[in-house]
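Chain and residue survey
The chain contents come next:
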Amino acid sequence: MTTLLRDARFGLRLLRRDPGFTAVAVLALALGIAANTAIFSVIYATYLEPLPLRNADRLVIVWSRVEGNREVVSPADYRDWKRQATVFEDMNAWGWRSVNLAADGRPEQVQAGPATPGFLAMFGYGHPLALGRTFVENEGTPGNDRVVVLTHRLWQERFGGDPQILDREIRIDGKPHTVVGVLGPGPADRNQNRLWLPLAFTPEQLNRRDRWLLVMAVLKPGITIEQANADLRAVAANLAKIYPETNAGRDVSVEPFRNNFVADSTKAALWLLVGAVAFVLLIACANLANLLLARGTARQRELAIRGALGATRIDVLRQLVTESVVLALVGGVLGVAVAYGLVKAIVALLPPFTLPTEVDVRLNVPVLLFTLGVCALSGILFGAAPAWQAARANPNETLKEAGRAPAPGRHGLRRALVILEFALALALLTGGGLAIHNFFKLTSVDVGFRVDRLLTFTLPVSEGRLTGAAQTTAFYRELLQRLHAVPGVQSASVSVFMPLRGQPTLGFSIAGRSANEVARRPRAAINAASPEYFRTLGIRIVRGRGFTDADRTGSQPVALVNEAFVRRYLSGVDPVTQRVVLEAVPNVEQLGSAVERQIVGVYADVLNGGLQNDVLPAIDLPFAQVPLPRTTVAVRTAGEPMSVRQTIAAVVQNMDPDLPIADVETMEQILSDSMATDRFNTALFGGFAAVALLLAAVGIYGVMAFAVARRTHEIGVRMALGAGRRRILAQVLREGMTTSLIGIALGSFGAYYVARSMRGIVPGAGEADSTAYMVVTAMLLGAALVASLLPAARAASVDPMIALRRE
C-alpha cells in the first residue's frame, strides 16, 4: 500500500508538470465516463434498483390475450379471476379517465385513477400516507363511492398543502366527493393520475363485452410465474366453456410487474444507448493509450535509467498502470460532474411516461460505484499497452538510441489504435446519422393542413351534463357563436377528434357490395365535425362538397371520405355516388344503428395516424347528425393563438361554471410533441456520435503530429536530397488517410449491424441506410483529412538545415 501511494503521488506530480497533456486526457476521459454514468443511471433505475413498492418482487400484471395479443380485462372476468384463482395473495383492478375537478370556483380537468378499494394498499402507492387513509371495502359499492384520495403533488399545487383537507368536499364531474386521504410524495406524483377514486361496478358494467380494466396481483409466497399462469389459464378455459360468446379463444397471461408497460422500442433504444456510450469510452481509451504511448516514447530515457538503477519490469509496469488509473480517477471526478448535468438533460428530454413512473433516474451510490469501477477499468485498459511496451524495453538499447528516431515499426500499435477509433466512430456515427435523418424527414412531412395560428382544446363534458342530440347540438352551436365573437378569432369548429392526435377506427361496408365477415370487415378512421372544421384547419375539399348547416338530425345521413379511402376502396368509381354503412357502436346512441350514409365529398389527406404512419382511410360525419358530448375545439386566430386563451376560458365558464377547457395547445405544439421521441433519440445518438467524431479526429491528429515530430530528422534528410514540399505533404497525408480508410473499412461491418438494430426504434431506417452511411463516411474522411493536413503542413515546412543540426 505504501508503494502504491508513492506511485500515485508521483503520478499526480507528473500530471501537474504537464498541464496540456493532462487537460486533453482528462477532458477525453470525462466525456466517455460522463456518458456511461448517465446512461447507466437510467439502466440502473429501470432494471436494477429495488422498486419503492410493497411486495415488489411478487407483483404481477394479469392480461387477457387473444391470438397472442395482450388486451385489457372486462369487469366480469376480473371478478371471476379473483374468486377462482388460488395462487394470488390479493388481486385488484384499476383504470383511468379524465374528470372535472372543481374547488374554490376553479374548474380543471385532471386524470383520475378509478381503482378497487384494496389497490392502493396492495400496491403500496404513496405509502406512508401524508394524511388520512386509502379506500375501505364498502366504498367499492355504488352509492358509497363519493370519496377521493389526492396525490401529494395535487394536494400541494391545487390546495396549497392544506392540513385541514381531510373531510373537505370537492366537486368531481359536478358531484360532491369527500377527501379521505393524501398519498405521500414519491412515484405516485410522477403518475399521470393526479387523484384516485374507488371503483364501484354497477350491474351494467359487470359484463364480459366491455374491456377497460388493468389487473394487478400479488403472488403467494413460493408461487412462481409459471405456476400462476397454469392456475389462471385453467380458470380462463373454464370461463370460455361457460361463456363461449365472449370468452371463446381468450387466454390469459401472468407477467412480472417490473417494466411491463415499457415499449419494446424503448427497451431496444436503451440497450443501443448502452452500446453507444461504450463505444465512446473505448474511443476515449484508445485516444489516451495513444497519448500515453507518445508520452512513453518521450520518457524512454527516464525509464531506462530506472531500469539501470535496479527497477524491475514489474516495478515499471506497476508505476505506469498506477499513473493511468490516477489519470482515470481525475477524469472520473470531472465526468461525474458532467454526468449530473447530462442526467438532468436526459430526464428533461425524455418524453413523458416513456419509463415507468416508479423509476427515479438520478445519481446515487450504486451508480457512483459503477463509475468508480469504470474509471479503474478504463485506467487499466488504456494504460496496459503503454506500460507493457515500456516494461519490455531494454534499458541498454534505449540509452544507446537516445536522441535517435525510433524505427517505423514502433508506431504500429498507435496506428492500430487509431484504426480501432475510426471503426468504432463509423458504427456510432451511422446510428446518429439514421436518427438525425429520420428526425429531419419528419420535420418536412406535409401534415395536410395549416398548423399556424391554430389553438385547440378539449371540452371534458361530464356524464349527464348534455343529454340528447338536441341539447348537445344547441350547446355547441351557441359555443361556436360566442367563440366567433371573440376579438382575434377568425374561425372556430367542433370535432370529436383532431389530426396528429390519433383517431379510432370503425368497421364499415359499402352499400350494394357483398358484406364481409365482421372479422374481415374493412376499417376506417372515424370522426365527426362541424361544417367550419375543414375551413378552420385549412383542409381542402377536392371533390364534391363539405358539410353545411343543412346536414343535421333528421336530414339525409351523409359522410365525407379522404383521398386514401377513395384510393383503397373506391378506385375506378365516382365516390360521390357511393354510400357507406358504419357498424353499430354499443353504448353510443348516435351510432347505435347501421344506416346508409351518402358520400357527398372527398377531402385531401391529412395525417390521422401519427407522423410515423401512413394516412388511414377516413370517414367523417356531420357533428349535428352524431352529436357526441365530449369534443375538441379548434380556433384559428389572427395573431398569437395563446393570446385568446383566457378569453375563451371565460366564455366556456360563463356557459358552464363546472366545465374547464383542457389540453390547451397550439397545433404547432402538438406537432412538436409528436416528434418528442424522435427528438430524444436524435439528441442522444447524435450527441454521442459528435463526441466520437471529435475523439477520432483528435486521435488521427495525435498520431500524425507525433509521427512528424519524431521523423523531423528523416524529413530533413529527404528534403536535403531533393524531395519537394508537395511530395512530403502528400506522403504524410497518404499515411493519415490510409490509416483512416482501413478503420472505415473495418467499421463498415459494425455500421451494418448498428443500422439493423436501429430499425427497431427508427421507422424507415432501412430506406436511409445507404444515405446515412455515405454521409457519415464522408464526415469521417473529412475529419481525417483536416486532422492529417495540419501535421502534413508542418512537415512540409521543415527547414532541412535545422532538422539536420538537431542530430
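A brief report on the enclosed structure follows. (Residues numbered from 1 in each chain as written. Predicted model: local features only at pLDDT ≥ 70, side-chain atom pairs only at ≥ 80, totals over all residues. Heavy atoms only, no water.)

A count of helices and strands for the chain gives 24 helices and 23 strands. Looking at the chain as a whole, 52% of its 807 residues qualify as buried. Considering only contacts in the chain between residues 6 or more positions apart, those separated by 24 or more positions represent 82%. If you sum the accessible surface of the chain, you get close to 36300 Å²; carbon and sulfur atoms cover 57% of it. (Helix = DSSP H or I, 4+ residues; strand = E, 2+ residues; numbered from the N terminus. Buried < 20%, exposed > 50% of the residue type's maximum accessible area, 1.4 Å probe, protein only. Contact = heavy atoms within 4.5 Å. Areas by Shrake-Rupley, 256 points an atom, 1.4 Å probe, with all protein chains shown as cover.)

A few words now on the pairing of strand 5 (residues 106-115). Most of strand 5 sits out of view: 8 of its 10 residues are buried. Where strand 5 lies against strand 10 (residues 195-198), 4 bridges are found, and the strand directions are parallel. Bridge assignment links Ala 112 to a residue of strand 10, and that residue is Leu 195. (Pairing = 2+ DSSP bridges.)

Now for the packing of aromatic side chains. By the definition in use, this model includes 22 aromatic pairs. Look at Phe 508 and Phe 565: their rings are 5.1 Å apart centre to centre, the planes differ by 40 degrees, and that puts the pair in the tilted class. With Phe 508 in strand 15 (residues 505-510) and Phe 565 in helix 17 (residues 563-569), this residue pair connects regions lying 57 residues apart in the sequence. Among the residues examined, Phe 508 registers a relative accessible area of 1% and is labelled buried. For Phe 565, a relative accessible area of 0% corresponds to the buried category. Put simply, the rings of Trp 94, Phe 119, Phe 123, Tyr 125, Trp 196 and Phe 257 pair up and form one aromatic cluster. Cation over ring: Arg 208 sits above Tyr 243, and NZ or CZ is 3.8 Å from the ring centre. (Phe/Tyr/Trp six-rings, centres within 6.5 Å; stacked < 30°, edge-to-face > 60°. Lys NZ or Arg CZ within 6 Å of the ring centre and 35° of its normal.)

On the surface, Leu 329, Val 365, Leu 369 and Leu 372 cluster together into a nonpolar patch covering about 380 Å² of accessible area. Sort the elements by how many residues they give to the nonpolar patch and helix 12 (residues 365-392) lands first, with 3 residues. Residue position: Val 365 is located in helix 12. (Patch = residues over 30% accessible without salt bridge, like charges linked within 9 Å, V, L, I, M, F, W, Y side chains within 5 Å. Salt bridge = Lys/Arg side-chain N within 4 Å of Asp/Glu carboxyl O.)

If you check which residues of helix 5 (residues 152-159) are buried, you get His 152, Leu 154, Trp 155, Arg 158 and Phe 159. The buried residues of helix 5 occupy an angular sector of 165 degrees when the element is viewed end-on, so they sit on one face. Just downstream of helix 5 lies Gly 160, where phi reads positive at about 65 degrees. (Arc of directions from axis to C-beta.)

Next up on the list: the packing of helix 3 (residues 75-84) against helix 7 (residues 225-242). In the contact formed by helix 3 and helix 7, the axes pass within 10 Å of each other and the chain directions differ by 130 degrees. The angle between helix 3 and helix 7 falls in the class oblique. Crossing handedness for the pair helix 3 and helix 7: right-handed. Each of Asp 77, Asp 80, Trp 81 and Gln 84 in helix 3 lies in contact with helix 7, whose residues at this interface are Leu 232, Val 235, Asn 238 and Leu 239. Across the contact of helix 3 with helix 7, the residue classes break down as 4 nonpolar, 2 polar and 2 charged. (Axes fitted to C-alpha atoms, helices over the stretch in contact; angles between N-to-C directions. Parallel < 35°, antiparallel > 145°, perpendicular 65-115°, else oblique. Left-handed = near helix turned anticlockwise from the far one by under 90°. Nonpolar A, V, L, I, M, F, W, Y, C, P; charged D, E, K, R; others polar.)

The tally for this structure, following the rule as stated, stands at 30 salt bridges. Between Arg 194 and Glu 108 there is a salt bridge, with its nearest N and O atoms 3.3 Å apart. Residue Arg 194 is found in the loop between helix 6 (187-190) and strand 10, and its partner Glu 108 is found in strand 5; the two are separated by 86 residues along the sequence. A relative accessible area of 24% places Glu 108 in the partly exposed class. With a closest N to O distance of 3.0 Å, Arg 543 and Asp 574 form a salt bridge. With Arg 543 in strand 17 (residues 541-544) and Asp 574 in the loop between helix 17 and strand 19 (579-582), this residue pair connects regions lying 31 residues apart in the sequence. Classification of Arg 543 as partly exposed rests on a relative accessible area of 41%. Residue classification places Asp 574 among the partly exposed residues on the basis of a relative accessible area of 28%. Where salt bridges share partners, they join Asp 77, Arg 79, Asp 80, Arg 208 and Arg 211 into one cluster.

With that settled, the discussion passes to the packing of helix 14 (residues 412-443) against helix 22 (residues 725-758). Two numbers describe how helix 14 lies on helix 22: the axes approach to 6 Å, and their chain directions differ by 40 degrees. With respect to helix 22, the axis of helix 14 lies oblique. The two elements helix 14 and helix 22 meet at a crossing, and its hand is right-handed.

A few words now on the nonpolar core. Membership of the largest hydrophobic core comes to 67 residues, with the highest contact counts inside it found for Ile 39, Phe 422, Phe 685, Phe 688, Met 758 and Leu 780. For this core, the elements supplying multiple residues, two or more each, are helix 2 (19-48), helix 9 (264-298), helix 11 (313-349), helix 14, helix 20 (676-710), helix 21 (712-720), helix 22 and helix 23 (765-796). Looking at which element gives the most residues to this core, the answer is helix 20, with 15 residues. Those residues within four positions of Phe 685 in sequence are excluded, and the remaining contacts are Ala 269, Leu 272, Leu 273, Ala 276, Gly 431, Gly 432, Ala 435, Met 758 and Ile 761. (Core = buried A, V, L, I, M, F, W, Y, C linked by side-chain atoms within 4.5 Å.)

Moving on, we come to unusual backbone geometry. Positioned with a positive phi, Asp 167 is a non-glycine residue whose angle comes to about 70 degrees. Of note, Asp 167 is situated in the loop between helix 5 and strand 8 (169-172). With a relative accessible area of 64%, Asp 167 lands in the exposed category. A positive phi is found at Leu 500, a non-glycine position, where the angle reads about 75 degrees. Its location among the elements puts Leu 500 in the loop between strand 14 (489-495) and strand 15. On the basis of relative accessibility, which here comes to 10%, the residue Leu 500 falls in the buried class.

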